[in-house]
Amino acid sequence: MPGKALIESKALKLYLASFRNHGAFHEDCTVAIAKRLIKEARPKWLRIGGYWYPRGGIPIDVFFQHGKLPEDVFVPEQGVAPYRGRG
């Protein structure tokens, strides 16, 4: 849920793409993205689901939530199937 500011979609896309070759753990990247969004946009509520490609056959899904969800807001399931391996 946005606060007073919004982030342009192209700027967000470029920022997220900058993590493609970033040398850190998936958990650290997801939390860094969340903290930057909170700092810049000051949302009322934020939820991030980081679905990363497996490294060494181990899938890593990282979730981050900030703030309290207002009672009158519906948030659907993220709808991402669990990782089932190759093939």
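Residues numbered from 1 in each chain as written. Predicted model: local features only at pLDDT ≥ 70, side-chain atom pairs only at ≥ 80, totals over all residues. Heavy atoms only, no water.

At Arg42, a residue that is not glycine, the phi angle is positive and equals roughly 45°. Judged by its relative accessible area of 66%, Arg42 falls in the exposed class. (Buried < 20%, exposed > 50% of the residue type's maximum accessible area, 1.4 Å probe, protein only.)

All right, on to the nonpolar core then. Ranked by size, the top nonpolar core spans 11 residues in total: Tyr15, Phe19, Ala24, Cys29, Ile33, Ala34, Leu37, Ile38, Leu46, Ile48 and Phe64. For this core, the secondary structure elements donating two or more residues are helix H2 (26–41) and strand S1 (46–55). Broken down by element, the residue count for this core peaks at five residues, all from H2. Setting aside residues no more than four positions away along its own chain, Ala24 makes contact with Cys29 and Arg55. (Core = buried A, V, L, I, M, F, W, Y, C linked by side-chain atoms within 4.5 Å. Helix = DSSP H or I, 4+ residues; strand = E, 2+ residues; numbered from the N terminus. Contact = heavy atoms within 4.5 Å.)

Attention shifts here to the pairing of strand S2 (residues 58–66). Note that S1 and S2 share eight bridges and pair antiparallel. Residue pairing across strands places Gly50 opposite Val62, the latter belonging to S2. The hairpin formed by S1 and S2 contains two residues between the paired strands, and Gly56 there has a positive phi angle of roughly 65°. (Pairing = 2+ DSSP bridges.)

Attention now goes to the confidence of the model for the chain. Atomic detail in the predicted coordinates should be set aside for any region of low pLDDT. Of all residues in the chain, 93% attain a pLDDT of 70 or more, and the chain-wide mean is 86. Within the chain, the lowest mean pLDDT, 83, falls on S1, and the highest, 93, falls on helix H1 (residues 9–17). (pLDDT = per-residue confidence, 0-100.)

Contact pair H1 / H2: the axes reach a minimum separation of 11 Å and the direction vectors enclose 150°. Taken together, the axes of H1 and H2 are roughly antiparallel relative to one another. Every pair of crossing elements has a handedness; the one defined by H1 and H2 is right-handed. Contacts between H1 and H2 involve Leu12, Tyr15 and Leu16 from the first element and Ala32, Ile33, Arg36 and Leu37 from the second. (Axes fitted to C-alpha atoms, helices over the stretch in contact; angles between N-to-C directions. Parallel < 35°, antiparallel > 145°, perpendicular 65-115°, else oblique. Left-handed = near helix turned anticlockwise from the far one by under 90°.)

So, about the side chain of Thr30. On the secondary structure map, Thr30 appears in helix H2. The contacts of Thr30, once residues within four sequence positions are left out, are Ile48, Gly50, Trp52 and Val62.

This paragraph deals with the environment of Pro2. Residue position: Pro2 is located in the segment before H1. Pro2 has contacts with Pro43 and Lys44, leaving out every residue within four places of it along the chain.

Once that is clear, we can look at the pattern of salt bridges. The full count for this structure, using the stated rule, is one salt bridge. Between Glu40 and Arg36 there is a salt bridge, with its nearest N and O atoms 3.4 Å apart. On the criterion of helical spacing, the pair formed by Glu40 and Arg36 is a turn pair, its members being four residues apart in helix H2. Taking relative accessible area as the criterion, Arg36 reaches 41% and is therefore assigned partly exposed. (Salt bridge = Lys/Arg side-chain N within 4 Å of Asp/Glu carboxyl O.)

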